Structure formats: C-alpha cells, structure tokens
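Working through the structure, step by step
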Amino acid sequence: MTQAPTRKALRTAAYHLIILSGYLLLSLAVLWPMSLLFRSEIIGEGDARSYIWSLWYAKEALFGQGSFFYAQNLFYPTGVSLLLNALGPLPGVVVAPLWFLGPEAVYNSALLLGFTFTGYCMYLLARNLGFTQLEAVFAGVVLLMAPLHLSSAYSHLTKSFWGLLPLALLFVRNALNPDRSRWWLLGSGIVFLATLLYATEQFVFAALGVAVMTAYELVATPAPLRGRLYWRTAFTVVVIAACVLPLLISIQIASANPSISVSRNVESLQNQPDLLHFFVPASFGLASFFADLNRETRHGLEKFVFLPWVCLLLAIIALAARAKRVWQWGLLTLVCILLALGPRLLVGATDTFTDYELPVILPYAWLSSLPGLQYMRTPGRFMEIGYVGLAIVATLGLHWLGKHCRRAVHTGLVLLATVLVIGENMPLQGWPHESLPETPAFYKQIASDPEVY
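This write-up is about the structure you can find in this document. From a predicted model like this one, the values you see are computed outputs, not experimental measurements. (Residues numbered from 1 in each chain as written. Predicted model: local features only at pLDDT ≥ 70, side-chain atom pairs only at ≥ 80, totals over all residues. Heavy atoms only, no water.)

Brief notes about the overall build of the protein
To be explicit about the condition: Only DSSP runs of H or I reaching four residues or more are called helices, and only runs of E reaching two or more are called strands; each is numbered from the N terminus. The globule rule used for comparison is 2.2 Å times the number of residues to the exponent 0.38, while the radius of gyration itself is calculated over C-alpha atoms. Note on classification: 1.4 Å probe, protein chains only; a residue is buried when its accessible area is under 20% of the maximum for its type, exposed when over 50%, partly exposed between these limits. Should any heavy atoms of two residues lie within 4.5 Å, those residues are counted as being in contact. Shrake-Rupley sampling with a 1.4 Å probe provides the accessible areas, and residues are treated as covered by the protein chains on show and by no other component. Residues counted as positive are Lys and Arg, residues counted as negative are Asp and Glu, and His and the chain ends are not counted. Lys charges are placed at NZ, Arg charges at CZ, Asp charges at CG and Glu charges at CD.
Summing up its helical and strand segments, the protein has 19 helices and 4 strands in all. Rg of the C-alpha trace for the protein: 23 Å, near the compact-globule value of 22 Å for 453 residues, within the 12% margin. Oriented by its inertia axes, the alpha-carbon framework of the protein measures out at about 75 × 75 × 50 Å. Among the 453 residues that make up the protein, the fraction classed as buried is 48%. Taking contacts inside the protein between residues at least 6 apart in sequence as the whole, the part at least 24 apart equals 76%. Accessible surface, the protein: about 22000 Å² in total, of which carbon and sulfur atoms supply 66%. Separation between the mean location of the 28 positive side-chain charges and that of the 23 negative ones in the protein comes to 18 Å.

The structure is reproduced here in structure tokens:
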C-alpha cells in the first residue's frame, strides 16, 4: 500500500532535483568565469568585500562569537547596530558551513545559491498557479535572467537572491484560500520574517506584491464569498505581524539613533532609471548595439530595468486574450514599473516638459517620503517584485498559446521563448573578478591576541 506513494514522492523529488540542477547550470553559465576561479577570486568588485565581512560576521554570531544585530568591535568600544545593514544575517547563516573553503568560495557560493534558488522559487510559484512544468521552468528563467538580477554579479550581493519574493506570494496566496490548511498562515509569517532577515528592502517589495495581489482578490471575489476571504486576510495579517513586529520595532529604534544617517532618499534622483531603460537591453547584453543611447541616458548599475522583448510580446498576447488572472499580475507589474521610475519622470535624459519646463512628479516621491521609508534610494529595485509579475504575465501568454495549438508546437514555443529570454540578457563578456588582498600581519597579530582591551 505504501509503495505507490513512496514511488510518487521519489519521482516528484527527482523532478525537483532536475529542475534545481538546471537552474544551477544556467547560473554557472551566466556567472562566468566563476567556475574557473571559485576558490581563488570573487565575482564582483568594490562593495563585494563589505558583503564578505557581513557573511563572516553572521558565521561568527552563529557560533556564539557575537550578536547577529550588533558588532561590538566596530567603532570600539561603543560598537554599532547591524539592524540597518544592507545585507541581513540570513545568507551568512546559510553559507556558514562553507568557510573551510575560504572567503572567496563562501562569497561565490552565496552568489551562486542566490541565482539558483531565485529561478527555482519562481518555478514553485508558477507551478502553484497551475502552469505546466515546462511553463514554470520558463517563468523561473525569466526571473533569473532579469537584467537587474544579473547586475548583482558586479558587486551587489543583496540583489542576487529574489526567491523570497515569489515565495511570499505563494504562501500568502494559499493562506488566503479558506479551503487550504491554516499552516499556510504560519508559513507566510516565516517567509516575511526571512525577507526581513535577508534585506529590509525586500520586505517592502514583498509587502507591496502581497498587498496588490490581496486587494485584487478582495475585489474580484464574488460578494457572497468575501466574508470568508476577509477573515483569512485578517488572520494572515495578524500572523505576519506577530512574526515581524519585534524585529521591525528594533530596526525603527536603531534608525532613530542621531549618529546614524538613515535618510538617503534624495539619492534616488541620481539612481532612478530613464523610461527608455525599460525598453533598451542592459549594457552587459545586447546593449552593445545601443551604446550611444545608453551613454545618453546614463545607463548604470541601478538602472538595469530592461523588460525583455520576448516577455513584452507574450504579455501583450496574454492581455489581448484576456487570459485568466492576467489583470491581477499585470496590475502588479505596472505598479512596480511606475514606482521604479523614481521620484520624477525622466525620458531620454529630459526631466522637464511643456513650455513651462515642469517636472512630472511620480508616486515614488510620496512613498519614499513616508516615515520609515526614507532609506530607499534605488527606485529601480522595485522591479525585483515587478519582474515576478512580468514572469507570470508572460507565462500566461505562453499558456494561452498552448490552448490553441498542438502539444508539440506548444512545447517548441516554450523552449524557443526560454532560449530567446536567455539570449536577450546573457552577458556577452565575463563579469569582473578580483583576488582578495593578503591580510596584513598586524591584523593577524591582533586577531590572535586572547586579551580583551
């Protein structure tokens, strides 16, 4: 009696292992030349070294050598809070067992795992939405190959793992369903706590995605059924709040310290994308054909918000066909694009319009002015959750095509779309990489001194 379920479980596990391996191989390909220098050099430069320290410190705290949220030896003897650190302790805990391989391997592992599980978690959300395995694989590729995600290989480890965003949508979507187990409510709280422990900005993005999805569900649900949905929504909010409020309060208290500069939103004016950046490939991919335009619009590290042409075409098909759920996920994508444009509209490096030379103020200006959100300085990162919506809308386009053609043709279309998305965004050259400098003998001497000063 138990053999059939066991075989089914093993078959399911094998499928997931194959999918995960596929995303791992794709990640190794796009992170070239990581596989050649895994233990000798790190992929990236500049800020990457500070993230190595964050990974190391999380490992130290894990083994009782300090606090996860307070570094006593920085700015000694007063110390400094780490609650406002860009990268939380979660990735450091995950890669802690790998330190015997050396700091280069630890950093590269964090980057590689972030890429791999970004694709895999998006695959899980797509499967939960009812897409076929092949369609779900395509959705995962879209998120993994998003230019803003790929740009994390330059120096921004915080942007390497987006998997918690589709997981937040997956868990809350099931938590809102009155017919699903209440364990989904607890799972939603845990996922939101994990996003807060990974990067506070991702907590904001996850909250935005869930808010848009929930609002649409409440409006779209027939009136007689809304009562149960209201209750599940209320319970979900309470559980998530119970999981994250203690940490949020601690972060707020730390940000009130007058010696720490938290308000950074004015920097958004330098980091905001141009509207054209959404339609011109990133500079590490096909953008070599658009070099002049990219120079004119000052394409940069925080402005890689290109919407792959294949995805735009499939999104248009899904919208035109009024595919099921397309308005829900299309709305999420549009909201994120609007916020990603930054505090004022910029088109072709022009930010004033009409004969009066007036700027167009956008919603991001109001959002980033709210208490607790003044630290936001990179509008384009709202596309981290925006690409999740785009991946679903594009997959809906493929799914609609599958209903109107033979199975073999549909399989070919999905494979073609996957190859084209990879081709549109694949880096044409390897990422920058560097060797870590030798630790000075003086620092080694201090580290080996058992005395406490």
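A few points about the packing of helix 8 (residues 164-175) against helix 10 (residues 200-220)
Definition in use: Inter-axis angles, ranging from 0 to 180 degrees, are taken between N-to-C directions of lines fitted to C-alpha atoms, where helices are fitted over the stretch in contact. Handedness of each helix crossing follows the sense of rotation of the near helix against the far helix: counterclockwise by less than a right angle gives left-handed, clockwise gives right-handed. Lys, Arg, Asp and Glu make up the charged group, whereas Ala, Val, Leu, Ile, Met, Phe, Trp, Tyr, Cys and Pro make up the nonpolar group; the residues left over, Gly among them, are polar.
Where helix 8 meets helix 10, the closest approach of the two axes is 9 Å, and the angle between their N-to-C directions is 35°. Here the hand of the crossing between helix 8 and helix 10 comes out right-handed. Here helix 8 contributes L164, L165, A168, L169, V172 and R173 to the contact with helix 10, which in turn contributes Q202, F205, A206, G209, V210, M213 and T214. Taken together, the residues that form the contact of helix 8 with helix 10 break down as 9 nonpolar, 3 polar and 1 charged.

Some words on the state of the cysteines
Counted only if it meets this: Put simply, a disulfide is two cysteine sulfurs that come within 2.5 Å.
Using the criterion set out here, one finds 0 disulfides in the structure. Counting only cysteine sulfurs, C336 is the nearest neighbor of C311, a cysteine outside any disulfide, at a range of 15 Å. Residue C405 stays outside any disulfide, its sulfur separated by 18 Å from that of C311, the closest cysteine.

Some points on the environment of G372
Relative to the helices and strands, G372 resides in the loop between helix 16 (363-367) and helix 17 (383-402). On the basis of relative accessible area, G372 is assigned to the partly exposed category, the value being 36%. As a C-alpha pair, G372 and S255 span 117 residues in sequence and 8.5 Å in three-dimensional space.

Things to note about the nonpolar core
Keep this limit in mind: Side-chain atoms within 4.5 Å link the members of a nonpolar core, which is a set of buried Ala, Val, Leu, Ile, Met, Phe, Trp, Tyr and Cys residues.
Judged by nonpolar contacts, the single largest core of 118 residues is most densely connected at M383 and Y387. Look past the residues within four positions of M383 in its chain and what remains in contact with it is L148, W162, F278, V305, L307, C336, I337 and A340.

A closer look at the packing of helix 15 (residues 326-340) against helix 17
Where helix 15 meets helix 17, the closest approach of the two axes is 8 Å, and the angle between their N-to-C directions is 145°. The hand of the helix 15/helix 17 crossing is left-handed. Residues V326, W329, G330, L332, T333, C336, I337 and A340 of helix 15 form the contact with helix 17, whose own contacting residues are M383, I385, G386, G389, L390, I392, V393 and L396. Split by residue class, the contact of helix 15 with helix 17 holds 12 nonpolar, 4 polar and no charged.

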